[in-house]
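Survey of secondary and tertiary structure
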Amino acid sequence: MKTEDYTGGDAFQIEKRTVFSGDWLPLCAEAQIGRPGDFLAASVGGWSVFGVRDGEGVVRVLRNACRHQNMQVVGTPSGNCQSFRCRFHGWTYDLQGRFLSAPAPVAPKDPQSADLHLASLATTTVAGIVFFSLSSPPAIAGIDADLPAYGGTSVTDIACNWKVCVEHLLAEHEPSPDFLWRWPLLSVRQAGSLVIVEQVVPHTFLRTRLFTHVFGGAVDEHAQAAGLIKQACEQLQADRASGVMCAKDSTLVADFHRRLASVYAQEAAAT
Ligand code: FES
């Protein structure tokens, strides 16, 4: 890996087209959108999406791009609503993303057209986590679906590239029954009766959000650990920016780099 892979927008754009376009990406814990009308919006690897539980209790992931002029329909990170009204010119959508109405001056010619609905993405829920995909990858395998009760999610904003955060999460572990890494953005760790799911959300090339989902315990007890992760990742980002690469190359970090190198090589061959 090179410094610019951690500090430049170009690498992030390549990753958006490759890493984040061809596989299942985690969006949130299903319990974060537990009631009809609950929604959670995020930019994941450059893709602006939101998850919503519709009136029938079905979880959907939709592109957060209005069909009028492609602006973001959902402008708040999370909440509960009956419908979505785009704040720019007032196009309105139901909880399944179907176009409902628009003010007369900006009304579409054919309000019945299916092209007016928000784009719906492939969605699946595994082990309490909602995943979405821009493509149609094979079903998710290898994550134990039998988790203890959901205890909550802590959210940590970190000033680092997403790869630094993944490396930090992987560096302390070797593959084992108690630690699973699911390419590219999720790890599952068993600690006694607790299960900790760390979900990396690549927001921009220098901003990463970490969701720590706790199953089988209270999330408050993990606030300190999240603070330490933030501190460590921001120091590692400073190291990468000054040319200091990963010092501790665990099996999992090496595997992560191997997969990244393969993706970069495929992209280079295709251009
Ligand atoms: S961009 Fe959404 S209503 Fe115009």
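Please refer to the structure placed before this passage.
What this report covers is the structure whose coordinates are included nearby. Given the structure is predicted, the values throughout are model-derived calculations rather than measurements.

To continue, consider the environment of alanine 223. Tracing the backbone through its elements, the reader meets alanine 223 in helix α4 (residues 223-241). You can call alanine 223 exposed: it has 11 C-beta atoms within 10 Å. In this structure the C-alpha to C-alpha distance between alanine 223 and serine 154, which are 69 residues apart in sequence, comes to 7.1 Å.

Okay, the packing of helix α3 (residues 162-171) against α4 next. Two elements in contact, α3 and α4, have axes separated by 9 Å at closest approach and are oriented at 120 degrees. Of the possible angle classes, the one that applies to α3 and α4 is oblique. Here the hand of the crossing between α3 and α4 comes out right-handed. Together, Val164, Cys165 and His168 of α3 and Ile229, Ala232, Cys233, Leu236, Gln237 and Arg240 of α4 make up the contact between the two elements. Residues that form the contact of α3 with α4 fall into these classes: six nonpolar, two polar and one charged.

By the criterion of burial, strand β2 (residues 38-44) is predominantly enclosed, with five of the seven residues buried. Across six bridges, β2 lies against strand β3 (residues 47-53) in antiparallel orientation. Within β3, the position partnered with valine 44 by the bridge is tryptophan 47.

This part is about the sheet that holds β3. In space, the seven strands of this open sheet follow the order β1-β10-β9-β4-β3-β2-β5, with antiparallel pairing throughout. Each of the sheet's edge strands pairs with one partner strand only, and the pair in question is β1 (25-29) and β5 (78-80). Going from strand to strand, the sheet's axes swing by 30 degrees on average, the running direction of each strand aside. As judged from the two bridges shared by strand β4 (residues 59-63) and strand β9 (residues 120-126), these two strands associate in the antiparallel manner. Each residue of the ladder has a partner; that of valine 61, found in β9, is leucine 121.

Structurally, serine 78 can be placed in strand β5. A tally of 16 C-beta atoms within 10 Å means that serine 78 is categorised as partly exposed. Sequence-wise, serine 78 and alanine 41 are 37 residues apart; in three dimensions their C-alpha atoms are separated by 6.1 Å.

This part takes up the pairing of strand β12 (residues 179-182). In this structure, β12 lies alongside strand β13 (residues 186-191), joined through four bridges in antiparallel fashion. Residue pairing in the sheet places phenylalanine 179 in a bridge with arginine 189 of β13. The turn joining β12 and β13, which pair antiparallel and follow one another in sequence, is formed by three residues.

Rules behind the numbers
- Residues numbered from 1 in each chain as written.
- Predicted model: local features only at pLDDT ≥ 70, side-chain atom pairs only at ≥ 80, totals over all residues.
- Helix = DSSP H or I, 4+ residues; strand = E, 2+ residues; numbered from the N terminus.
- Buried ≥ 20, exposed ≤ 12 C-beta atoms within 10 Å, placed from the backbone.
- Axes fitted to C-alpha atoms, helices over the stretch in contact; angles between N-to-C directions.
- Parallel < 35°, antiparallel > 145°, perpendicular 65-115°, else oblique.
- Left-handed = near helix turned anticlockwise from the far one by under 90°.
- Contact = placed C-beta atoms within 7 Å.
- Nonpolar A, V, L, I, M, F, W, Y, C, P; charged D, E, K, R; others polar.
- Pairing = 2+ DSSP bridges.

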